[in-house]
Amino acid sequence: MTQSDFFSLDGISKRFGVVQALDNVSIAFRPGEVLALVGENGAGKSTMMRILEGVFGPDNGTVRHGATPIVFGEPRDSHRAGIRVIHQEPEIVPNLTVAENIFVGELPRLAGVLLDWRKLEERTDRVLATFGMQQDMRPRQLCGTLGPAQRQMIEIMRAIRAGGRLIAFDEPTSSLTDDEARRLFSVIRRLREEGTSIIYISHRLNEIIDLADRIVVLRDGRLVDDSPAAGASEQTIAKLMVGRNIADLFTRETWRSGEQLLDVAGLTTDRVSDVSLRVRRGEVLGIAGLMGAGRSELAKAIVGYDQRIAGTIAMNGVPVLPNSPHAAIVAGIGFAPEDRKHEALLLFRSILDNASLCVPDKTSSFGFFNRRKALEIVSPLAAKMSIKAPNLDEQVSKLSGGNQQKVVLARWLARQPMLLILDEPTRGIDIGAKAEIYRLIDELAASGIGIILISSEMPELIGLADRVLVMAGGRITAELSRPDIDEATILKHAMPQSAPAPGDHIQ
Amino acid sequence: MNSLELRASKAQTDARGASARLVERLGVHNISLLVALAILVVIFGSLRGDVFFSSRNLLNIGLGITILGVLAMSQTVVIVGGGLDIAVGATVGLTTVSTAMAIQATGSPAAGIVAGLMLGGLAGLVNGIIITYGRVNAVIATLGTMAIFRGIAFIMSDGQSIAIFSDTFRFIGIGRILGLPLLVWILVLTAIAFHLFLARSIVGRNIYALGGNAVVARFSGININRYRVGIYIMSGVAAGLAGILLAARTGSGQPVSGSQGLELEAITAAVLGGCALQGGKGTIVGALLGVAIIGVLNNGMILTSVPTFYQLLAKGSLLILAVVIAEYHLNRT
């Protein structure tokens, strides 16, 4: 490998509205090295991946290949330069065969027009053999019939077949079993030996310590650490990721909870199994788990969005009718979903319209919308949460993520709910707005509202929750109470099976 | 920014000039429609000013757009709710036939009106159920029922025109009140009702929510299935009303003549008026301006002797142009 094969980032900055997603970040990706990229959600990892892929360009700084700056107009350009990002959700075409998916864009032809199946199969066999995947899939198998791990392998084979020299893995193990993960690691090690630059993004710190040569930590868009993996421990990495000051963001005035509010027993839907939980007035119940553990699905089951197959839900001892979000709202349950843009907001309507959506009774006269009444309800809430906008008629699509989230919260506060379910309420929000939302959670709990807080950010759960339920595979695997809530215990119960012990997957 | 500032910025808006406030109230889109309308008027006025500006011709335009106006407004509600109803033209044909047959059988105009509205509502219910519970794409579902409703109209009428001999009923189509045709009054009243319903009522606002994002609407406790079926019933009843007006004007019930192509014009008017085909966007005022543009264009093309076949070219192009403009705006915001 020569010097010119280095990819590097040089002083990259990227801003989205008020959020500084990346701030003057410089990294060199060395050939034959596994570089682990860690950071909390919103730290800037995915923004960096998108810039590498050419989805968008940086505001400042350059991506270099050797000494030459490269400008990407579109993802094809980055592919041509040899950069590949393997996403969590593999981009494969289910109705095409394994062979076609691997060789898409470079299918061998007969007479210029026909697909040369013989040659394609031959090449695919060769690629499969290199990866030891002959047992797992056949060239002519349809990709729709493959499992998640095999789909991911297809992406990897495609990337390498196309001459990927920098391959980034974005949370590759989140949908894999231990055994599949082990095989992925051995593939990654092989790639490293062959001189490929690897970027490995994961929340599983034990994997990172085991696999990586170098660890780069991002926090709030800044590079806070870039050092060899040797000697790093989970504790030191976690500390760097979170930063010291984050604990100060959390205030809980009282840890006093009142009488029983929500009682869920044996709740089962297509995606959650036999979940029982209770929430008291004034209590913050945290829900922890990895991506795909069924946390959002649990929320959707409680609010009647997903079809309830079995189980009961009661508010204040009164059963809540199944499969009716309306019944849940009437029972006093509010829900701020994780995906604000697609599940919570009417992007092309105003703040006022969005915030008054769930209180038609309080904002109308004789079935007609009454603007004065709506303003009377929404204005104080907007002021209380300091929503930053020229006026309440502003389209919510023009607001920052934090302000959009506040509009969603205003919608539910207008209803004065007894129970509020918040699914990743601070995702994609700048640190200032985060602090305001934490303060609001504390205030609401102190006023006697029960809160279910679903979060992937450990400090949030540890700092705010009275109790934490850990979920994996659609079930509750543990219940932790203050003060026994800590990251290691949560992670231990969040893993689908027991975590692979360091070292035992070297084959 | 706190609530004081929110209020302050509102005061600022009030302090600006009356013209600026007018622009804000009407919206940029509606103003551009008015400009387009003015351009058409200037073109046809300069070509055939003698006839075009005569009060008789202006009334003709008004009469011509009544039926289309009702359909464009109901189509706007359907599109805002995230749907599309291309069976409206066929429903109009079906209801003219049923209205004429009911009057022929009973001699009572009231029976004809009830028959038209009921059958229209029933046709809408069928559409709504197929789309909502059969989970069929709205375009395909109403494309199918369009053929079915036409077929039923042919079967009922045996392909014949059915004459209506009730003067009371004919009065709806040709009578005047305070110097203006009754049809124009009906358009004005339905327009006010539609505008209040869509822009101001809670149900109307929930229709915007449904079309803007059905997931959000459902999370907000809106019974989206009931709303969807209700919207198509409304569209059917509106088509029934249009059918009654058409029958009263022509004095007959006919399966095809007079109602063919109305769906194209209604959708064109709605989209011209600012409806986004993805749903969640559109206004009654815009739809009416779209209707006026189509009305003037139709009238002007007849006055300037554009052959019928070429008129079809113009109408089709107008729809596509309207959608292209709407998409362009959507992608810019």
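Everything quoted here is computed from the prediction, not taken from an experiment.

Thresholds, definitions, all that
- Residues numbered from 1 in each chain as written.
- Chains lettered and ligands numbered in written order.
- Predicted model: local features only at pLDDT ≥ 70, side-chain atom pairs only at ≥ 80, totals over all residues.
- Helix = DSSP H or I, 4+ residues; strand = E, 2+ residues; numbered from the N terminus.
- Rg over C-alpha atoms; globule rule 2.2 N^0.38 Å.
- Buried ≥ 20, exposed ≤ 12 C-beta atoms within 10 Å, placed from the backbone.
- Contact = placed C-beta atoms within 7 Å.
- Core = buried A, V, L, I, M, F, W, Y, C linked by C-beta atoms within 7 Å.
- Domains from an automatic or database assignment.
- Expected span 1.5 Å × (residues − 1).
- Pairing = 2+ DSSP bridges.
- Axes fitted to C-alpha atoms, helices over the stretch in contact; angles between N-to-C directions.
- Left-handed = near helix turned anticlockwise from the far one by under 90°.
- Nonpolar A, V, L, I, M, F, W, Y, C, P; charged D, E, K, R; others polar.
- pLDDT = per-residue confidence, 0-100.

### Section: the overall build of chain B
The number of helices and strands found in chain B is 14 helices and 4 strands. Rg of the C-alpha trace for chain B: 21 Å, near the compact-globule value of 20 Å for 333 residues, within the 12% margin. Over its C-alpha atoms, taken along the principal directions, chain B stretches across nearly 70 × 55 × 40 Å. Across the 333 residues that make up chain B, the buried fraction comes to 49%.

### Section: the overall build of chain A
When you go through chain A residue by residue, the secondary structure sums to 17 helices and 24 strands. The C-alpha radius of gyration of chain A comes to 25 Å, within 12% of the 23 Å expected for a compact globule of 507 residues. The buried share of chain A, taken over its 507 residues, is 45%. Put simply, of all contacts in chain A between residues at least 6 apart along the chain, 68% involve residues at least 24 apart.

### Comments concerning unusual backbone geometry
With an omega of 0 degrees, the peptide bond running from A:Arg482 to A:Pro483 counts as cis. Tracing the sequence through the fold places A:Pro483 in the loop between β24 (475-481) and α17 (487-494). If you check the backbone angles, B:Asp158 has positive phi at about 60 degrees while not being a glycine. Phi angles above zero are rare outside glycine, and B:Leu178 is one such case at about 50 degrees. For B:Leu178, the location among the structural elements is in the loop between β2 (176-177) and β3 (180-181).

### Overview of the interface of chain A and chain B
Taken together, the contacts link 31 residues of chain A with 23 residues of chain B. If you tally residues by element for the side of chain A that touches chain B, the top one is helix α13 (residues 371-384) of chain A, at 4 residues.

### Looking at the nonpolar core
With 177 residues, the main nonpolar core has A:Ile333, A:Ile421, A:Ile451, A:Leu453, B:Leu68, B:Leu71 and B:Ala242 as its most contacted residues. Among the elements that line this core, the one with the most residues is helix α11 (residues 224-250) of chain B, at 16 residues. Lining this core are residues from two domains, each supplying at least three of them: domain 2 (258-332 + 418-496) and domain 3 (347-416) of chain A. Contact partners of A:Ile421, with chain neighbours within four places excluded, come to A:Ala299, A:Ile302, A:Val303, A:Ile333, A:Gly334, A:Phe335 and A:Ile452. Grouped together as the second largest cluster of nonpolar side chains are 62 residues, A:Ala81, A:Val98, A:Ala99 and A:Met153 included.

### Section: the domain arrangement of chain A
For chain A, the assigned domains are domain 1 (3-246), domain 2 (258-332 + 418-496) and domain 3 (347-416). Here the C-alpha centre of domain 3 of chain A lies 41 Å away from the C-alpha centre of domain 1 of chain A.

### Regarding α11(B)
All names here are of chain B. Taking 1.5 Å as the rise per residue, α11 with 27 residues should run 39 Å; its terminal C-alpha atoms sit 39 Å apart, in good agreement. In terms of burial, α11 is a largely internal element, 22 of the 27 residues being buried. Gly-251 occupies a position one or two residues after α11 and carries a positive phi of about 70 degrees.

### A word on the sheet that holds strand β14 (residues 275-280) of chain A
All names here are of chain A. Taken in spatial order, the 4 strands make up an open sheet running β14-β13-β16-β17, and their pairing is antiparallel. Two strands bound the open sheet, and with one partner strand each, they are β14 and β17 (318-319). One ladder, built from 2 bridges, connects strand β16 (residues 310-315) with β17; its direction is antiparallel. Note that in β17 the partner of Ala-314 across the bridge is Pro-319.

### Here we look at the packing of helix α5 (residues 109-132) of chain B against α11(B)
Residues and elements named next belong to chain B. Interaxial distance between α5 and α11 falls to 7 Å at its minimum, and their mutual angle equals 145 degrees. The interaxial crossing formed by α5 with α11 has right-handed handedness. Residues that form the contact of α5 with α11 fall into these classes: 16 nonpolar, 12 polar and 1 charged.

### Observations regarding the environment of A:Ile329
Residue and element names in this part refer to chain A. Tracing the backbone through its elements, the reader meets Ile-329 in helix α10 (residues 325-330). Using a count of 22 C-beta atoms within 10 Å as the deciding quantity, one classes Ile-329 as buried. Put simply, Ile-329 and Val-303 are 26 residues apart on the chain and 7.7 Å apart in space, counted from C-alpha to C-alpha.

### As for the sheet that holds strand β2 (residues 19-29) of chain A
Residue and element names in this part refer to chain A. Read across the open sheet, the 4 strands follow the order β2-β1-β4-β5; overall the sheet is antiparallel. In the strand order of this sheet, the two ends are held by β2 and β5 (68-70), each with one partner. Across the sheet, the mean angle from the axis of one strand to that of its neighbour is 30 degrees, orientation sign disregarded. Pairing of strand β1 (residues 7-16) with strand β4 (residues 60-65) involves 5 bridges; the strand directions are antiparallel. Paired with Ser-8 across the two strands is Arg-64, which belongs to β4.

### Focus: the confidence of the model for chain B
All names here are of chain B. Here chain B shows a mean pLDDT of 89. Residues at 70 or above account for 94%. For chain B, the element scoring lowest by mean pLDDT is helix α1 (residues 3-15), at 43; α5 scores highest, at 97. Overall, residues 1-15 carries pLDDT values under 50, and its contacts beyond four positions in sequence, including any with other chains, amount to 16 contacts. For this predicted complex, the interface confidence comes out at an ipTM of 0.83, alongside a pTM of 0.76.

### Here's the deal with the pairing of strand β10 (residues 197-201) of chain A
Residues and elements named next belong to chain A. Burial of β10 is extensive: 5 of the 5 residues sit out of reach of the surface. Of the pairings in the sheet, the one linking strand β9 (residues 166-170) to β10 comprises 5 bridges and is parallel in character. Counted as the bridge partner of Ala-168 is Ile-199 from β10.

### Some thoughts on the confidence of the model for chain A
All names here are of chain A. With 94% of its residues at a pLDDT of at least 70, chain A reaches an overall mean of 86. The element-level mean pLDDT for chain A is lowest in helix α8 (residues 234-242), coming to 77, with strand β21 (residues 419-423) highest at 97. Note on residues 498-507: pLDDT under 50 across the span, and 12 contacts to partners over four residues away in sequence or across chains.

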